[in-house]
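# Results of the structural survey
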Amino acid sequence: MDCDEEVEGEWLSLKDLSALLKKHFKGYKEDTNAFQKIGNYLNRPEYKFQSKRQTAGMQYLVKLRV
């Protein structure tokens, strides 16, 4: 993907992503390693998530389906 391309989506922190998972999946449990596990999966090259480092931590570009 060209860096100049504009991609629709929302930049979410790991905390926000964890809250979404908790809201939509009854079996999801936010344990002490939840943020690290989510971040590790999102950083895998096969998923091709765009990320950026912010003062408050990493954020990932996510396109949510409604």
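Above this text is the structure in question.
Residues numbered from 1 in each chain as written. Predicted model: local features only at pLDDT ≥ 70, side-chain atom pairs only at ≥ 80, totals over all residues. Heavy atoms only, no water.

## Some words on the pairing of strand β3 (residues 57-62)
Two strands pair when backbone bridges link them, and strand β1 (residues 10-13) and β3 are joined in this way by four bridges, in the antiparallel orientation. Directly across from Leu12, in β3, lies its bridge partner Tyr60. Where strand β2 (residues 51-54) and β3 come together, four bridges link them in antiparallel fashion. Each residue of the ladder has a partner; that of Lys52, found in β3, is Gln59. Between the end of β2 and the start of β3, which pair antiparallel, lie two residues. (Pairing = 2+ DSSP bridges. Helix = DSSP H or I, 4+ residues; strand = E, 2+ residues; numbered from the N terminus.)

## Section: the pattern of salt bridges
The tally for this structure, following the rule as stated, stands at two salt bridges. Notably, a salt bridge pairs Lys37 with Asp31, separated by 3.4 Å at the nearest N-O pair. Lys37 sits in the partly exposed class, given a relative accessible area of 43%. The salt bridge involving Arg44 is made with Glu46; its shortest N-O contact spans 4.0 Å. On the basis of relative accessible area, Arg44 is assigned to the partly exposed category, the value being 34%. Judged by its relative accessible area of 52%, Glu46 is exposed. (Salt bridge = Lys/Arg side-chain N within 4 Å of Asp/Glu carboxyl O. Buried < 20%, exposed > 50% of the residue type's maximum accessible area, 1.4 Å probe, protein only.)

Read these as layout, nothing more, since geometry by itself doesn't imply function.
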